[in-house]
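Residue strings, one per chain:
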Amino acid sequence: QVQLVESGGGLVQAGGSLTLSCTASGRTISIHTIGWSRRAPGKEREFVASITRTSGSPNYADSVKGRFTISRDNAKNTVYLQMNSLTPEDTALYFCASRSLPRGIWEYWGQGTQVTVSS
């Protein structure tokens, strides 16, 4: 079992920045990839970014490339999502999730952290 806890959400003005954190506990050795997804009001959940635990290889959705940066600190079992140049369209509930394989379903999810960008 893996437990994931997100933090760092909040209210920010358009053009501002915010950093989210996702801290894993439990059987963290089993984690291959941790990712961030978001769900805006009235919309489907969408993938934002992911990073592999060992190599640190990142992957981004086109909508956030060049604005968001994902990184990890394995000593702290924490993955960060640095979000810059935020727009109201980034307003959503942000979730982190983990999986034990390079691809496939996300097996464990956090509760989410709300990001609200005001115009």
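Look up: the structure comes first, before these words.
All values derive from a computational prediction rather than experimental measurement.

**Section: empty space enclosed by the protein**
- Following the criterion strictly, the structure yields one cavity of 30 Å³ or more and no others.
- Space inside the largest cavity adds up to approximately 110 Å³.
- Forming the boundary of the largest cavity are 14 residues, of which Ile34, Arg53, Asn74, Asn77 and Val79 lie nearest the centre.
- Elements that contribute at least two residues to the lining of the largest cavity include exactly β4 (33-39), β5 (45-52), β7 (68-73) and β8 (78-83).
- Of the residues in the lining of the largest cavity, the class split is five nonpolar, six polar and three charged.

**Concerning the packing of aromatic side chains**
- Counting across every chain of the model gives one aromatic pair.
- Residues phenylalanine 95 and tryptophan 109 carry aromatic rings whose centres are separated by 6.2 Å and whose planes lie at 80° to one another, so their mutual orientation is edge-to-face. With a gap of 14 residues between them, phenylalanine 95 in strand β9 (residues 92-99) and tryptophan 109 in strand β10 (residues 108-109) connect regions that are remote in the sequence.
- Over the face of the ring belonging to tryptophan 106 we find arginine 99, whose NZ or CZ atom lies 4.2 Å from the ring centre.

**A closer look at the state of the cysteines**
- Applying the stated rule across the entire model yields one disulfide.
- Between cysteine 22 and cysteine 96 runs a disulfide, and the two sulfur atoms are separated by 2.1 Å. Its S-S torsion of approximately 65° makes the covalent link between cysteine 22 and cysteine 96 right-handed. In this pair, cysteine 22 sits in strand β3 (residues 18-26) while cysteine 96 sits in strand β9, placing the two residues 74 residues apart along the sequence. In this structure, cysteine 22 and cysteine 96 share a single accessibility class: buried.

**What about the side chain of threonine 91?**
- Considering the arrangement of structural elements, one finds threonine 91 in the loop between β8 and β9.
- For threonine 91, a relative accessible area of 16% puts it in the buried group.
- Here the side chain of threonine 91 touches proline 88 through a polar contact of 3.0 Å, landing on its backbone oxygen.
- Here valine 117 takes part through its backbone nitrogen, which lies 2.9 Å from a polar atom of the side chain of threonine 91.

Rules behind the numbers
Counting starts from 1 at the beginning of each chain's written sequence and moves along it residue by residue. Local features in this predicted model are restricted to residues whose pLDDT is 70 or higher, and side-chain atom pairs enter the listing and the counts only when it is 80 or higher, whereas totals over whole chains, interfaces and linings include all residues. Side-chain metrics in this entry use all non-hydrogen atoms of the structure; hydrogen atoms and water are not considered. Only protein atoms enter the 1 Å grid used here. Points where a 1.4 Å probe fits but cannot escape make up a cavity, open sets with protein on both sides within 12 Å along at least five of seven lines make up a pocket, and a residue lines them when an atom lies within 4 Å of a point. Grid points are joined across faces, edges and corners, and a volume is the space filled by probe spheres set on the points. In this text, helices come from DSSP runs of H or I with a minimum length of four residues, and strands from runs of E with a minimum of two, each type numbered from the N-terminal end. When residue character is reported, Ala, Val, Leu, Ile, Met, Phe, Trp, Tyr, Cys and Pro are called nonpolar, Asp, Glu, Lys and Arg charged, and the others, Gly included, polar. Here a Phe, Tyr or Trp ring, Trp counted by its six-membered ring, pairs with any other such ring whose centre lies within 6.5 Å, and the pair is stacked when the planes are under 30 degrees apart, edge-to-face when over 60, and tilted otherwise. By definition here, charges over rings are those cases where NZ of Lys or CZ of Arg is within 6 Å of the ring centre and within 35 degrees of the ring normal. A pair of cysteine sulfur atoms is labelled a disulfide when the two atoms are within 2.5 Å. When a residue's accessible area, from a 1.4 Å probe over protein chains only, is under 20% of the maximum for its type it is buried; when over 50% it is exposed; and in between it is partly exposed. Two N or O atoms count as a polar contact when they lie within 3.5 Å, although within protein this holds only if one can serve as hydrogen donor and the other as acceptor, and sequence-adjacent residues are included solely when both atoms are side-chain atoms.

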